[in-house]
Amino acid sequence: GSGRESDAKWVIDQCHRLLRGIRVHNFGTYVNAYYDDMAWLVLAAQRLNALSHQVNGAGSAPAQEVGRILYPQLRKAVTEDLGGGAFWSKAEDFKNLPASGPIAIALARAGEYDAAGRLVDWFRSNLWSPEKGYLDGIKLVLQRDGSREHALQEAAFPYNQGVAIGAHLEIPGSDLRHVEDVIRLVLERFTVPHMEGDTEFRVLDTRGSGDGGLFAGILARYLANAAQDARVDPKLRSAVREAVIATGELLWAGRREYDP
């Protein structure tokens, strides 16, 4: 209805203001030193562009400008060092999933399926642990003699699982049995039990300081995509749906009312 349309127009206007603010604060450009940041901004701009098409019948010029400026940056992150994958930052000393995952999704959405598929193959070959899930990345450590050693970063964070699931789902012909294995591991290792009355159910683990909640949010987004993807096993989709909805309901129930 017209109410929802005016809400959507307000959202588009706020997004345009936010993009303008980012550019002003960043000295007139969307480019920064972190490839994962730039990839997330591209994905957000794509959603803004799609919403603008839906509501205004035309794309968003600022969103399209983000894509024009940042896609070349994302392609630069992907090199043959360490056999492939994307660098996290312009320091070029860390290839990781927080950059390789969203960059793969962004490239796939631009129709660059081969490049996106190579990123997915790289992190699947180098960062998947059947016990822990997807590990964080591989650091290049400069030695005293000038050589560079590489060190696997063994931490497995929730967002690593999320972007790995999301990237696989974007690429036609991906191995979805592997995606199902990742989802099963997530439901086991990245959830916590919660009791309500006599009923126990599992919710995503949103604890941890700093970005803990944000990381769980990234995982929730791509789990929700999997729950809506007809290629994924229906029983698993149903379990994912329950966990994501239960997490949302629990967070909403525990909200603090705030009147500014």
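The coordinates are above.
Below is a summary of the structure that appears in this document. Given the structure is predicted, the values throughout are model-derived calculations rather than measurements.

The rules behind each value
- Residues numbered from 1 in each chain as written.
- Predicted model: local features only at pLDDT ≥ 70, side-chain atom pairs only at ≥ 80, totals over all residues.
- Heavy atoms only, no water.
- Pairing = 2+ DSSP bridges.
- Helix = DSSP H or I, 4+ residues; strand = E, 2+ residues; numbered from the N terminus.
- Axes fitted to C-alpha atoms, helices over the stretch in contact; angles between N-to-C directions.
- Salt bridge = Lys/Arg side-chain N within 4 Å of Asp/Glu carboxyl O.
- Phe/Tyr/Trp six-rings, centres within 6.5 Å; stacked < 30°, edge-to-face > 60°.
- Core = buried A, V, L, I, M, F, W, Y, C linked by side-chain atoms within 4.5 Å.
- Buried < 20%, exposed > 50% of the residue type's maximum accessible area, 1.4 Å probe, protein only.
- Contact = heavy atoms within 4.5 Å.

What follows covers the sheet that holds strand β4 (residues 137-142). Strand order in the open sheet formed by 3 strands is β1-β4-β5, and the pairing between neighbours is antiparallel. The open sheet is flanked by β1 (94-96) and β5 (148-153), the only strands paired with a single partner. If you compare each strand with its neighbour and ignore which way they point, the axes differ by 20 degrees on average. Pairing between β4 and β5: 6 bridges, direction antiparallel. Each bridged residue has a counterpart across the sheet, and for Lys139 the counterpart in β5 is Ala151.

Bringing the pairing of strand β6 (residues 191-196) into the picture now. Pairing geometry for β6 and strand β7 (residues 199-204), over 6 bridges, is antiparallel. Its bridge partner lying in β7, Thr191 is registered against Leu204. As consecutive antiparallel partners, β6 and β7 are separated by 2 residues, and within that stretch Gly197 has a phi angle of approximately 65 degrees, a positive value.

Let us now look at the pattern of salt bridges. Summed over the entire model, instances satisfying the criterion amount to 9 salt bridges. The salt bridge partner of Arg124 is Asp175, with a shortest N-O separation of 3.1 Å. With Arg124 in helix α5 (residues 113-127) and Asp175 in the loop between α6 (158-170) and α7 (176-189), this residue pair connects regions lying 51 residues apart in the sequence. A salt bridge links Glu154 to Lys132; the nearest nitrogen and oxygen atoms lie 3.5 Å apart. One end of the pair, Glu154, is in the loop between β5 and α6; the other, Lys132, is in the loop between β2 (128-129) and β3 (133-134), with 22 residues separating them in the sequence.

Applying the stated criterion across every chain yields a total of 7 aromatic pairs. Each ring, one from Trp88 and one from Phe94, has its centre 5.9 Å from the other, and the planes form 80 degrees; the classification is edge-to-face. Considering the side-chain rings of Tyr159 and Phe215, the 4.2 Å spacing of their centres and the 70 degrees angle between planes classify their relative orientation as edge-to-face. Of the two residues, Tyr159 is situated in helix α6 and Phe215 in helix α8 (residues 212-227); the sequence distance between them amounts to 56 residues.

The next thing to look at is the nonpolar core. Formed by 66 residues in total, the largest nonpolar core has its most connected members in Val66, Leu74, Ile103, Phe123, Ile165, Ile183 and Leu223. Counting residues per element, this core draws most heavily on helix α2 (residues 35-56), which supplies 9 residues. Aside from chain neighbours lying at most four places away, what touches Val66 is Leu19, Tyr30, Leu41, Val42, Ala45 and Tyr71.

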